[in-house]
Amino acid sequence: MPGGGDSVKVAVRVRPFNQREKNAGSGCIISMKGDSTTIKNPENGSTKVFAFDYSYWSHDGFQESDGGVYTPNSGTSNYTDQRRVFQDLGQGVLDNAWQGYNAALFAYGQTGSGKSYSMIGYGPNKGIVPITCEELFKAIETNKDSQKQLQVSFSMLEIYNEKVKDLLVKSKQAPDGLKIRQNPQAGFYVDGLKNVPVRNYKEIEKLMEQGTVNRTTASTNMNATSSRSHMVITIRFNQVIRNAGGESNTRSSDINLVDLAGSERADSTGATGDRLKEGSAINQSLSTLGNVISALADIAGGKKNVLVPYRNSVLTKLLQTALGGNSRTIMIAALSPAGINYDETLSTLRYADRAKKIQNKAVVNESPTDRLIRELKEENARLMAALGKGGKSSNSEELQRLLLENERRMSDMNKTWEQRLEEAKKEWEKGHGGLEHEEGNVEWKQVPFFTNVNEDTQLSGVVKQCLQVGETTFGRSPTATYTIRGLGIQEQHAIIRNNGSKVTMEPVNGSKIYVNGLKLKEKAELHHLSRIKFGSSCLYLFVGQVSERKPNDEKEYDYDYFMAELAEHRGVAIDLQTPRINESMENLKSYVIFQEFMDLLPQISEANAISLELNKGVKFEAEIKTSASHDSMQNQGGKEVIIQVTNEKIRKVWIWSKEKFLHRKDLMEEMYCKYMDGETLPLGRDKDPFWDPVEDIFLGSCHVMLQSLSYCVEIDEHFTLHNYHGKEEAVMKVRIFPLSEKGEYLGEESILEPRELLGKPFNFEISVPECMGVRWCSEDRSRGVYCKFSVMDKEPVRSQTMKGKGYCDFGLKHRVREKKVTQEFINYLQTHSLVVELWGTQGEPGKLNEEDQIHQKFNGTNGHAHHDTDDVFSELKNKDLEIEQLSKDLDALKKENFNLKKKLDKQQTHIDMKKSRRGLHSAPPLDVSQASIPDVGLDADLAQALRIFFKDIKDVQSHISQIKENAKMSQGGSTDNGNIKQALGKQEQKLHEVEDKLTGCVSSLKESVTNTLRKAKR
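Residues numbered from 1 in each chain as written. Predicted model: local features only at pLDDT ≥ 70, side-chain atom pairs only at ≥ 80, totals over all residues. Heavy atoms only, no water.

1. Description of the pattern of salt bridges
1) Next: With the rule as written, the count across this model stands at 29 salt bridges.
2) Next: Note that Glu158 is salt-bridged to Arg215, the shortest N-O span being 3.1 Å. With Glu158 in strand E12 (residues 148-160) and Arg215 in helix H5 (residues 201-222), this pair connects stretches of sequence that are 57 residues apart. Just as Glu158 is buried, Arg215 falls in that class too. (Salt bridge = Lys/Arg side-chain N within 4 Å of Asp/Glu carboxyl O. Helix = DSSP H or I, 4+ residues; strand = E, 2+ residues; numbered from the N terminus. Buried < 20%, exposed > 50% of the residue type's maximum accessible area, 1.4 Å probe, protein only.)

Now the structure itself:
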């Protein structure tokens, strides 16, 4: 193979639908033909085509063998199985390694797209990594050349929050993780990373299992699940060849196998519009990787002076050789087939399309072993000389570290391979009791146990915690039977008792435990396959007595099942939100929103737990925002998930978008990590992800149908304002009445057919005089409210802000003048409503001194508040309770006052009507909505009924006229029709009579309606 100019090979692979996508009835948006991949937009049907080195169809056309292996179901099936992926990709990695080239393979895609399945596999369906290792040792076993020694070593690390953790080290590691160093020849490497010599594939399997257990434990402690962390497995393959003269030559290859974090967090869109613009270190590596790939693609396209930002993250430092350096690299992009994931899938395809443009320059890593040792000795001599100069050199510590590193490398080279293998074996047995001991450790097969459930299927079922007869405890304390350190976990969290036939669990001191989606408040029995949640993120499945178990009965209860169950018990109706096949696109969109809501639940739970532990007093709640609350046609589309953020200490509320919340959540996790490491948290609010400047909050809205106005009929009613939950926020009085050209009130005599308004000027006034029972102000008297509305999509009309009152006298009036009524205007009145919105204020900008003081008190070393502040807030809480009771008494008095005011309004209206008829002045709109006056107002429904009646009557009159014409034609005919003419004459006479009666009936009805309204007003 040539030594340079190798392009990165890119493969894409589409997986089957998961259960969530099946429930959504989602269609497949991916199609493949040869090496090309096509994606279809589910909304408009447009397509985009991409070409890659390999396009793997693994969506359907497969069957499961008796051994659980997925294979094509026929000779014509396009299904690509795990073995085929290895032959195309993994075999190439192996071939490169044998030739002495560095090789890299990394998987990219959104969480749940199948990255880990392709890389690691699941059950008997082994992925590229295990098959590559297995095939490598098969080839090694066939080596019969006594002059060639083949050496394999294995390392496994995880990158989370820009910190490197060695997954092969069981003991506690430094909070800052392992350091990344740079060697002039070798490039970047991880200082102190354990590189374990292995002699067969079985040992690699055990090391991978141990690394996965350590990774799972870490994910439980801080929810650093595979969706947020990167895993890098490095297999170092050395071929030491001795010649006839006894000199040795080493050909080496580093095989880097990288499972990247979920791509849905690769960008920083959450920071858009946020005052905290900087990205989180949690996503830094993934976003930097995208920048590196884009820069390398630009260079490959001929762009000059492009800076490749390798040094901006830990991951890109370690992958520098794999991307644009000395390596032959393969990327596999995992795709979801479902329409509900269109945006993420398209983003992944574009990412892969850029990656295929990258050019690497791979060279064979081959050099005499003796020369390597000589070069290390020479470098050590230079380092010793530099250190021997004395003085306080700023880099003397770094020189000392390089010296020790070189000595370690020389020591490894001077040891025989057999010595290194024996040392590795002794170390493993010391920490794990030997392979044979571990294989016999199947205690969980005999007793009930908890097994972990993780978002990544590769990490589910890894931890098994046996529940022996007697008492088992869970908690943070080292004295607990099983120590768990997740968010929201107490020192002593749960007590489990097993009497040999029954297992019970009891929460300790009100600890947060959920069983099958419901909070556990007291001791209860656990049943086989009960779903357990400790704290905010520790998920376990209870596996009962041996007699209760069935093959694969645990398979159903995956991470999605847990989240769906928790969401359902949170009040989200899954059955109502889950559309079936062939339902409308709107329903599918609703399902997408539901899934977003469900996905946010664990994130919100963690954010609340972090807030509690840092004593921030901030509570997060997910809500579904619907555009119907703001839409004048009350369309149900346009739903989105929003987060209500409430600071319960200072009673401030914010509304965050999903993207902003996720961005802030990352920053919260960073803050929590610092807190756990004992660092001093910043005192200022500017860097605090829990704080934001105050903002106005949407409280609720009401819809006033304008149809009556098209008949010149006034609207005068009380409307209930509802929030996004449908909960009542207040009651608002709204008046809309037509006016004359002079701006005078038109009485009931003005009732007209809509067509009679065409071409004429039309004026009307909208009045919002008052609002009652405002909960927002009742809860906190420092708050205020205002209302606003918009007519015909024009500039919103806003009232004055009323503060601290449950009853608000807005006195808002707005006149609308339409110079010439068109059919379009009439259609608007008959199909649209006036949306009146109520908004809450939370204090004036710049008056935040009290808030600042509280913020300072609750931010100190390790995030703990001072004890005296607890006493202050306890006292404040008592005062708040007193104020709340007084507020209730005040609201009761205001309600009584309001009833009296209604009676006065009735009398005033009667007086105004009399004055209006005398022509003294124009009267305000009449209050026809009071409980004491009969409901005889001609509202929209009555107007609609009258319109239909008039139309029907006219149709009848039209038919009668037609019959009369026919009768005249018959009578006027030349043919003698005998008695027919005489009969028709009588019929014509009767028709005349009916027509006269109907005409009189219509006139009488119109007059009766007008008189009824007049009497009601008197």
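Next comes the rest of the account.
2. Focus: the side chain of Ser153
1) Next: Within the secondary structure layout, Ser153 lies in strand E12.
2) Next: Overall, Ser153 belongs to the buried group, its relative accessible area being 5%.
3) Next: Reaching out from Ser153, the side chain makes a polar contact with the side chain of Asn195 at a distance of 3.2 Å.
4) Next: For Ser153, the residues in contact, after removing those within four places along its chain, are Asn195, Val196, Pro197, Val198, Thr234, Ile235 and Arg236. (Polar contact = N/O pair within 3.5 Å; in protein donor to acceptor, adjacent residues only side chain to side chain. Contact = heavy atoms within 4.5 Å.)

3. Some words on the sheet that holds strand E4 (residues 36-40)
1) Next: Read from one edge of the open sheet, three strands run E3-E4-E5, paired in antiparallel fashion. Because the sheet does not close on itself, it has two edges, and the strands there are strand E3 (30-33) and strand E5 (47-51). Averaged over all pairs of adjacent strands, the angle between their axes in this sheet comes to 20°, without regard to strand direction.
2) Next: Where E3 lies against E4, four bridges are found, and the strand directions are antiparallel. Its bridge partner being in E4, Ser31 is matched across the sheet by Thr38.
3) Next: Running over the sheet, helix H8 (residues 342-355) touches E3, E4 and E5 and is turned about 35° from E5. (Pairing = 2+ DSSP bridges. Axes fitted to C-alpha atoms, helices over the stretch in contact; angles between N-to-C directions.)

4. Things to note about the packing of helix H6 (residues 284-300) against H8
1) Next: In the contact formed by H6 and H8, the axes pass within 8 Å of each other and the chain directions differ by 45°. Our classification of the angle between H6 and H8 gives oblique. Mapping the contact onto sequence places Leu286, Leu289, Gly290, Ile293, Ser294 and Ala297 in H6 and Tyr351, Arg354 and Ala355 in H8.
2) Next: Classifying every residue of the contact of H6 with H8 gives six nonpolar, two polar and one charged. (Parallel < 35°, antiparallel > 145°, perpendicular 65-115°, else oblique. Nonpolar A, V, L, I, M, F, W, Y, C, P; charged D, E, K, R; others polar.)

5. Observations concerning unusual backbone geometry
1) Next: The backbone of Arg651 sits at a positive phi, close to 55°, despite the residue not being glycine.
2) Next: Turning to its location among the elements, Arg651 is positioned in the loop between strand E34 (640-647) and strand E35 (652-657).
3) Next: Residue class for Arg651 comes out partly exposed when judged on its relative accessible area of 28%.
4) Next: Its identity as a non-glycine residue notwithstanding, Asp793 has a phi of 60°, on the positive side.
5) Next: With respect to the helices and strands, Asp793 occurs in the loop between strand E40 (784-789) and strand E41 (797-798).

6. Remarks on the sheet that holds strand E30 (residues 524-526)
1) Next: Reading across the sheet, the five strands line up as E25-E24-E26-E27-E30 and stay open at both edges, with mixed pairing between neighbours. Each end of this open sheet is capped by a strand with a single partner; those strands are strand E25 (482-483) and E30.
2) Next: Sheet topology note: the strand E27 (residues 503-507)/E30 ladder contains three bridges and is antiparallel. Looking across to E30, one finds that Thr504 is bridged to Glu525.

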